[in-house]
Amino acid sequence: MSRRVLIVEDNDQNLYLVTFLLERHGFDIVAARAGEEALQWAARERFAVIILDIQLPDLDGHTVAARLRAMPGLTGVPIVAVTSYAMPGDRERALAAGCTGYIEKPINPTAFAAQIQDYITLSASGGGMR
Ligand code: MN
């Protein structure tokens, strides 16, 4: 199974933290700092999971999620939104846009890699978390 992860995140600190936590667990990271860049990566490479910040400089994360979901090769790839606790409506919109689930910011550093692994495992077994 691929350990390649696409992280879509425009905030340097968040990107650094998520990259650090996942690399430590053996994941191979590709970072996109905007929505269009993420769509380009997803069109040319296969990822085990896509981690998607909802607030991005160009497209909003919901639009990115919907466009990712519309790509034929991405049907079985989990998309995990990273949403702000202060924006509860984001979560419902993320699921409606095609995200498999969401993780609230601030992320929990001790649990994050395991949470991501759970999404990969669930999608590989054909399950969902919606
Ligand atoms: Mn952001």
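What counts and how
- In every chain, residue numbers begin from 1 and rise along the written sequence.
- Restriction of local features to residues with pLDDT of at least 70 applies here, the model being predicted, together with a cutoff of 80 or more for giving and counting side-chain atom pairs; totals for whole chains, interfaces and linings are based on all residues.
- Hydrogens and waters are ignored; side-chain quantities use all the structure's heavy atoms.
- Only nitrogen, oxygen and sulfur atoms count as donors, using a 2.8 Å cut-off from the metal that widens to 3.2 Å for Na, K and Ca. Water is left out, so coordination shells may look unfilled.
- Helix and strand assignments follow DSSP, with helices taken as H or I runs no shorter than four residues and strands as E runs no shorter than two, numbered in order from the N terminus.
- Relative accessibility decides the category of a residue: with a 1.4 Å probe and only protein chains considered, values under 20% of the type maximum give buried, values over 50% give exposed, and everything between is partly exposed.
- The directions from the helix axis to the C-beta atoms are what the arc is built from.
- Contact definition: two residues touch when any of their heavy atoms are within 4.5 Å.
- Whenever a nitrogen or oxygen atom comes within 3.5 Å of another N or O atom, the pair is scored as a polar contact, on the condition that within protein one atom can donate a hydrogen and the other can accept it, and that pairs from neighbouring residues in sequence are kept only if both atoms are in side chains.
- Whether two strands pair comes down to DSSP finding at least two bridges between them.
- Convention adopted: a line fitted to C-alpha atoms gives each axis, helices being fitted over their contacting stretch, and angles between N-to-C directions are expressed from 0 to 180 degrees.

A. Quick look at the coordination of the manganese ion. Coordination of the manganese ion by the protein is provided by Asp10 (OD), Asp53 (OD) and Gln55 (O), with metal-donor distances spanning 2.0 to 2.1 Å. Sequence spacing of the donor residues for the manganese ion, all on one chain, is D-x42-D-x1-Q. Highlighted residues: Asp10 in the loop between strand 1 (4-8) and helix 1 (12-24) and Asp53 in strand 3 (residues 49-53), separated in sequence by 43 residues. The partly exposed category is assigned to Asp10, whose relative accessible area is 32%.

B. Fine view of the environment of Ala66. Residue position: Ala66 is located in helix 3 (residues 61-69). Spatially, the C-alpha atom of Ala66 lies 9.7 Å from that of Leu95, the residues being 29 residues apart in sequence.

C. Molecular detail of helix 3. Buried within helix 3 are the following residues: Gly61, His62, Val64, Ala65 and Leu68. The buried residues of helix 3 occupy one face: seen down the axis, they fall within an arc of 160°. Close packing links the buried residues of helix 3 with helix 2 (35-44), strand 3, strand 4 (79-84) and helix 4 (89-96). Where helix 3 starts, the residue carrying a side-chain oxygen 2.8 Å from the main-chain nitrogen of His62 turns out to be Asp60.

D. Quick peek at the sheet that holds strand 3. Taking strand neighbours across the sheet as the criterion, the five strands line up as 2-1-3-4-5 in an open arrangement whose pairing is parallel. The open sheet has two edge strands with one neighbour each: strand 2 (28-32) and strand 5 (101-105). Neighbour-to-neighbour, the strand axes of the sheet open up by a mean angle of 20°, direction not taken into account. Sitting on the sheet, helix 2 touches strand 1, strand 2 and strand 3, and the angle it makes with strand 2 is about 140°. Sitting on the sheet, helix 3 touches strand 3 and strand 4, and the angle it makes with strand 3 is about 155°.

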